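Structural overview
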Amino acid sequence: MSSTLKRSLPTNDGLLEDVKAILLDIEGTTTPIVFVKDVLFPYIRDNVREYIKTHWDEEECQQDVAELSKQSELDTEAKLDGVEAIPEVEDSKDEDKVKVVQDAITKNVLWQMDADRKTTGLKQLQGHMWRAAYKSGQVKGEVYNDVVPAIKQWIAEDRKIYIYSSGSVEAQKLLFGYSDKGDLLELFSGHFDTTIGAKVEKESYQNISKEIGIKEENLLFLTDVTREAKPATQAGLKTCIVVRPGNAELTEEERKDFNIIHSFSELLSERQEQKKKKC
């Protein structure tokens, strides 16, 4: 980042000046970064076998099985190390043979997760399992305590709030729709995932600006990742790095290049803060 840009950084108090909409990242920004690692992924590991068994006869589950089986064939042909092959179901009425296939699917899913793969079949199954977990109350999306009060004030000040995450729009809506702070979906004017473009590309932020009809210079992007903030800045957005417990450490250079906050409350107006103190 140029020295000119470094010198022109606004103070945190001035970040909201002329801002008509705020674009929020999720992991490490609105939600603890460990939520996915310590809650969502362990849920899949602990429940995949039972989920497949319970939902086996449902069309959606069979679509997941078909995708996983197709990927298994490709991986087997490619001779990937440690691949767990999924056999075909020879007789759907033979419980023992069905169980063999279900066990193979379970092992394949765990093998893919161990390898940190992002295949269509795996992501599709995980999405369906998380949806069931959220709706049943087994999982609740975690949202930092400072997030909702800040968003409500920004909305009261006629600003719109959008989400931009690498997780699918469906996954975003599940997290905020079934959160530990209640159903928060009404707070957001829209959701974006990587179908609008990768978060590390300048064009993605320009695409969002066009989509919502707000100029880049009137948008503020809050994220915990500088490699996302850089292209957003290049696109003309205001940016700010959110430092939370468990987030990646920033370098000294990054601390010089970007505005930093540790809580959304740091972007509340002075008038609102005084009002809260009086109460």
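First, a word on what this report is: a plain description of the structure on this page. (Residues numbered from 1 in each chain as written. Predicted model: local features only at pLDDT ≥ 70, side-chain atom pairs only at ≥ 80, totals over all residues. Heavy atoms only, no water.)

Time to look at the overall build of the protein. The number of helices and strands found in the protein is eleven helices and six strands. By principal-axis analysis of the C-alpha atoms, the protein measures approximately 70 × 45 × 35 Å. Taking all 279 residues of the protein together, the buried fraction comes to 47%. Across the protein, contacts joining residues at least 24 apart in sequence account for 68% of those joining residues at least 6 apart. By element, 47% of the accessible surface of the protein is carried by carbon and sulfur atoms, the whole surface being about 15100 Å². If the 39 positive side-chain charges of the protein are averaged to one point and the 52 negative ones to another, these points end up 6 Å apart. (Helix = DSSP H or I, 4+ residues; strand = E, 2+ residues; numbered from the N terminus. Buried < 20%, exposed > 50% of the residue type's maximum accessible area, 1.4 Å probe, protein only. Contact = heavy atoms within 4.5 Å. Areas by Shrake-Rupley, 256 points an atom, 1.4 Å probe, with all protein chains shown as cover. Lys, Arg positive; Asp, Glu negative; His and termini not counted. Charge placed at Lys NZ, Arg CZ, Asp CG, Glu CD.)

Let us now look at the packing of helix 4 (residues 95–114) against helix 5 (residues 120–136). One way to put it is that helix 4 packs onto helix 5 with a least axis distance of 11 Å and a crossing angle of 105°. Taken together, the axes of helix 4 and helix 5 lie roughly perpendicular to each other. In this structure, helix 4 contributes Val109, Gln112 and Met113 to the contact, and helix 5 contributes Leu122, Leu125 and Gln126. Considering only residue class, the contact of helix 4 with helix 5 consists of four nonpolar, two polar and no charged. (Axes fitted to C-alpha atoms, helices over the stretch in contact; angles between N-to-C directions. Parallel < 35°, antiparallel > 145°, perpendicular 65-115°, else oblique. Nonpolar A, V, L, I, M, F, W, Y, C, P; charged D, E, K, R; others polar.)

This next bit is on the packing of aromatic side chains. Aromatic ring pairs: the centre-centre distance and the angle between the two ring planes describe each pair. Within this structure, the stated rule accounts for seven aromatic pairs. Feature note: the residues Tyr164, Tyr205 and Phe221 constitute an aromatic cluster, connected by ring pairs. The lysine or arginine in question, Lys199, covers the ring of Tyr164, its NZ or CZ lying 5.5 Å from the ring centre. Above the face of the Tyr144 ring, Arg244 is positioned so that its terminal group lies 3.9 Å from the ring centre. (Phe/Tyr/Trp six-rings, centres within 6.5 Å; stacked < 30°, edge-to-face > 60°. Lys NZ or Arg CZ within 6 Å of the ring centre and 35° of its normal.)

Looking at the element boundaries, Glu216 is found in the loop between helix 8 (202–212) and strand 4 (219–223). Expressed as a C-alpha distance, the spacing of Glu216 and Arg117, which sit 99 residues apart in the sequence, is 34 Å.

Let us look at helix 7 (residues 169–177). Of the residues making up helix 7, those classed as buried are Gln172, Leu174, Leu175, Phe176 and Gly177. Where helix 7 is buried, its residues meet helix 2 (34–55), helix 5, strand 2 (160–164) and strand 3 (190–192).

Another point: the side chain of Thr106. One can find Thr106 in helix 4. Beyond its immediate stretch of four places on either side in the chain, Thr106 contacts Val48, Arg49 and Ile52.

On to the pattern of salt bridges. Inspection of the entire model under this criterion finds 14 salt bridges. A salt bridge links Arg49 to Asp103; its shortest N-O distance comes to 2.6 Å. Here Arg49 is found in helix 2, whereas its partner Asp103 is found in helix 4, with 54 residues between them in sequence. A salt bridge links Lys70 to Glu67; the nearest nitrogen and oxygen atoms lie 3.7 Å apart. (Salt bridge = Lys/Arg side-chain N within 4 Å of Asp/Glu carboxyl O.)

Read these as spatial facts, not as claims about activity.
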